[in-house]
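Tertiary structure, described
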Amino acid sequence: MSLDETAQPIDPQTLAPLDTVTGLEPEWWRTAVIYQIYPRSFADSDGDGIGDLPGITRRLDSLADLGVDAIWLSPFFTSPQKDAGYDVADYCDVDPLFGTLADFDILRQKATDLGLRVIVDIVPNHTSSAHPWFEAALVDGPGSEARSHYLFRDGRGDRGELPPNNWQSVFGGDAWTRITEADGTPGQWYLHLFDSSQPDLDWNDEWVREQFLSVLRFWLDRGVDGFRVDVAHGMIKRPGLPDYTPPADAGSMGGGQEAAEPPPYWAQDGVHEIYRSWRTVLDSYPGDRILVAEAWVDPLSKLANWVRPDEMHQAFNFSYLESGWKASSIRRVIDDSLEVFASVGAPSTWVLSNHDVVRHASRLGLTVENPQGAGIGPKSKGLPDRAIGLARARAASAVMLALPGSAYLYQGEELGLPEAIDLPDEARQDPTWFRTEGARYGRDGCRVPLPWEAASPAFGFNTTGESWLPQPSDWAAYARDTETGDPSSTLELYRLALDTRSRFNLGAGSIEWLTGYGPEVVAFRNGDVTVIANTGAVPVELPVAEELLSTVPLDGAALPGDATVWLRA
Ligand code: GLC
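Reference entry: report on the structure contained in this document. Bear in mind the structure is a predicted one, so any value in this text is a computation, not a measurement. (Residues numbered from 1 in each chain as written. Predicted model: local features only at pLDDT ≥ 70, side-chain atom pairs only at ≥ 80, totals over all residues. Heavy atoms only, no water.)

This part covers the overall build of the chain. Check the secondary structure of the chain and you find 15 helices and 20 strands. For a compact globule of 569 residues, the expected C-alpha radius of gyration is about 25 Å, and the chain comes in at 24 Å, within 12% of that figure. For the chain, the spread of C-alpha atoms along the three principal axes comes to 80 × 50 × 45 Å. Buried positions account for 59% of the 569 residues belonging to the chain. Counting only contacts in the chain whose residues sit at least 6 apart along the sequence, the fraction spanning at least 24 positions is 68%. (Helix = DSSP H or I, 4+ residues; strand = E, 2+ residues; numbered from the N terminus. Rg over C-alpha atoms; globule rule 2.2 N^0.38 Å. Buried < 20%, exposed > 50% of the residue type's maximum accessible area, 1.4 Å probe, protein only. Contact = heavy atoms within 4.5 Å.)

Shown next as structure tokens:
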């Protein structure tokens, strides 16, 4: 195969679907590639070892250059950082660790100048225990208004010494903590589905609802293009808070459970009216502002309820993330996704990595099951071969980026970064690690600061060499400057994929399955592009056609295992 140099580039505008409301411009988010920035680990301007907003601003050109459409910033709000910022003490300010509101405004302006949309994270299921609302609830007694914003309950047992029910925290251990009342006596218990520093709000409380409408407006007024909604399946709990024991195969966030009746703390119907009210607020602003749900809900047909026309715009497709490197599973989840999301008029999304899961360059090479949240470390079973993991990750990303809809990238996957497995125990910071006393490694391994420059301190993350999690010593090979311009690098593969995706308008396309390649092959046509991915070991003969992209060098006609090719056909 050779590059056809006479091929005419396609003008995306001639193929883009029209906005259903205005009939003019396409809605950007239906086809967007959205890049997740984890601020602690992206770029550090002040050298304290923790990334910050000015660091992001300084490095933003590299993302425009990569070819993404938008960025999503994980939390940078005021927070004691017990759960890396997902424990918010002030929803409308920037933590000094990350900078100031003025730094945010500068970042947003630079993003706009570069043509990048900006999505921020909102964490409504719980606050930090350092939030003034919770501090007031501790001071004011049982039955007080301040306490009614959270889920305080009396304990069971003769003296209230037992938790109100048997629920377990996502991070391990009981989901309840008993407080000491202001007068020094043992008191009520409060619910925390996550760490004890993250008390759950009571979303049946009208006051709580109103506070968050103001938070939405605060950021919309500052010009954000949308919100990623944290734990968007958890805010309403079943009345009475009944005991519940999850099935053994349940992921910590609720994935893997297709039971008719959801757990009493996940996927309750009451969440939907909250999102309808949020949608009304977003729709009252000019431009296309979006809500994207982090909702670990199975099956996909149920998840589609989060993106009905008057609710959110998108939901992360964790079924896709969890489908592994198996052709039959990939085909099934693509079919299901396109069907169920289309049934409610929403685009499908696709995602392979984020800050809560083992990076897919390692995950796809694991030889044993690894439930979400468990993480991997030196003592884990079935650790991946790095080369196999990376080959599969490149091949899987090349499938994902050819699919119609919107794709999410997690910082570092464009460098082919593996999970950092050998972090020393004393460096680990995920509450999961502490709450399970080391039984689960948790998520630190996917959160290690990015390598930018092979020869600089901390690989260019900053100039001092400090790093809140230690970077593996061999990460020079993954540094952005090492990979830039090297056609065999993962960075150049992503850049080519994003450019080709945009030239052929794949995000707005549709899938036609191609048969005859065998059970271990995923093969489809999206418009003028044929995609063939070989998940097996037997090489696959390819049709003669112009090669647009390949995750391995193809000198003959056969596609080896763990590889994907895009052909013009
Ligand atoms: C979400 C976040 C995760 C966080 C949890 C609690 O799942 O992605 O990082 O720990 O919510 O806020």
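Our focus in this paragraph is the site of the ligand. Contacts to the ligand come from 15 residues, most closely from D83, D230, E294, H355 and D356. The side chain of H355 places a nitrogen or oxygen atom 2.8 Å from an oxygen atom of the ligand. Its free accessible area being 310 Å², the ligand has 99% of it covered by the protein chains. Judged by its atoms lying within 2 Å of the grid points, the ligand is housed in the largest cavity. (Near = heavy atom within 4 Å. Polar contact = N/O pair within 3.5 Å; in protein donor to acceptor, adjacent residues only side chain to side chain. Areas by Shrake-Rupley, 256 points an atom, 1.4 Å probe, with all protein chains shown as cover. 1 Å grid on protein atoms, 1.4 Å probe; cavity = no way out; pocket = protein on both sides within 12 Å on 5 of 7 lines; lining within 4 Å. Sits in = over half its atoms within 2 Å of the grid points.)

Bringing the pattern of salt bridges into the picture now. Tallying each qualifying case throughout the model produces 29 salt bridges. Salt-bridge contacts for D243 lead to R156; the nearest nitrogen and oxygen are separated by 2.9 Å. Note that D243 is positioned in the loop between β9 (226-229) and α7 (271-283) and R156 in the loop between β6 (152-153) and β7 (176-180), a separation of 87 residues in sequence. Judged by its relative accessible area of 42%, D243 is partly exposed. Relative accessible area serves as the criterion here: at 38%, R156 is assigned to the partly exposed category. D356 is the salt-bridge partner of R447, the closest N and O atoms lying 3.1 Å from each other. With R447 in the loop between α13 (431-435) and α14 (480-483) and D356 in the loop between β12 (349-351) and α11 (360-363), this residue pair connects regions lying 91 residues apart in the sequence. Of the two residues, R447 and D356, both sit in the buried class. (Salt bridge = Lys/Arg side-chain N within 4 Å of Asp/Glu carboxyl O.)

Counted by the stated rule, this structure contains five cavities of 30 Å³ or more. The calculated volume of the largest cavity comes to roughly 160 Å³. Around the largest cavity sit 18 residues that line it, and F171, F194, M253, D356 and R443 are the ones nearest its centre. In terms of residue class, the lining of the largest cavity is built from six nonpolar, seven polar and five charged. (Points joined across faces, edges and corners; volume = space filled by probe spheres on them. Nonpolar A, V, L, I, M, F, W, Y, C, P; charged D, E, K, R; others polar.)

On to the layout of surface pockets, then. Taken as a whole, the largest pocket encloses approximately 720 Å³ of empty space. Its residues placed into classes, the lining of the largest pocket shows eleven nonpolar, eleven polar and eight charged.

Before going further, it helps to examine the packing of helix α2 (residues 53-66) against helix α3 (residues 101-113). Viewed as axis vectors pointing N to C, α2 and α3 meet at an angle of 10°, and their least axial separation amounts to 9 Å. Here α2 is positioned roughly parallel relative to α3, judged by the angle of their axes. Counted together, L53, P54, I56, T57, R58, L60 and D61 of α2 and D103, F104, I106, L107, K110 and A111 of α3 form the full contact between these two elements. Looking at the contact of α2 with α3 residue by residue, the classes come out as eight nonpolar, one polar and four charged. (Axes fitted to C-alpha atoms, helices over the stretch in contact; angles between N-to-C directions. Parallel < 35°, antiparallel > 145°, perpendicular 65-115°, else oblique.)

By secondary structure assignment, the location of T535 is in the loop between β16 (529-534) and β17 (540-541). Polar side-chain contacts of T535 include one of 2.7 Å to the backbone oxygen of E520. Contact partners of T535, with chain neighbours within four places excluded, come to W325, K326, A327, I330, E520 and D562.

The next point concerns helix α6 (residues 206-221). With 16 residues, α6 ought to run about 22 Å at 1.5 Å a step, and its terminal C-alpha atoms sit 23 Å apart, in line with that. Burial in α6 covers these residues: V208, R209, F212, V215, L216, W219 and L220. For α6, the buried positions fall inside an angular range of 130° around the axis, keeping them on one side. (Expected span 1.5 Å × (residues − 1). Arc of directions from axis to C-beta.)

Attention now goes to the environment of D422. Tracing the backbone through its elements, the reader meets D422 in the loop between β13 (406-410) and α13. With a relative accessible area of 64%, D422 lands in the exposed category. When the C-alpha atoms of D422 and G377 are compared, they prove to be 6.0 Å apart, with 45 residues separating the residues in sequence.

This part covers the sheet that holds strand β14 (residues 511-513). Taking strand neighbours across the sheet as the criterion, the five strands line up as β14-β15-β16-β20-β18 in an open arrangement whose pairing is antiparallel. Strands with a single pairing partner mark the edges of an open sheet, and in this sheet they are β14 and β18 (546-550). Neighbour-to-neighbour, the strand axes of the sheet open up by a mean angle of 25°, direction not taken into account. Sheet topology places β16 next to strand β20 (residues 563-568); six bridges connect them, and they run antiparallel. Bridge assignment links V531 to a residue of β20, and that residue is W566. The strands touched by helix α10 (residues 327-343) within the sheet are β14 and β15 (521-526), with β15 carrying the most contacts at an inclination of about 35°. (Pairing = 2+ DSSP bridges.)

Here we come to unusual backbone geometry. Keep in mind that most residues, glycine aside, have a negative phi and that most peptide bonds are trans. The step from D298 to P299 runs through a cis peptide bond, and the omega angle for that step is -15°. Structurally, P299 is set in the loop between β10 (290-293) and α8 (300-303). For A84, which is not glycine, the phi dihedral falls at a positive 50°. Along the chain, A84 falls in the loop between β3 (77-78) and β4 (90-94).

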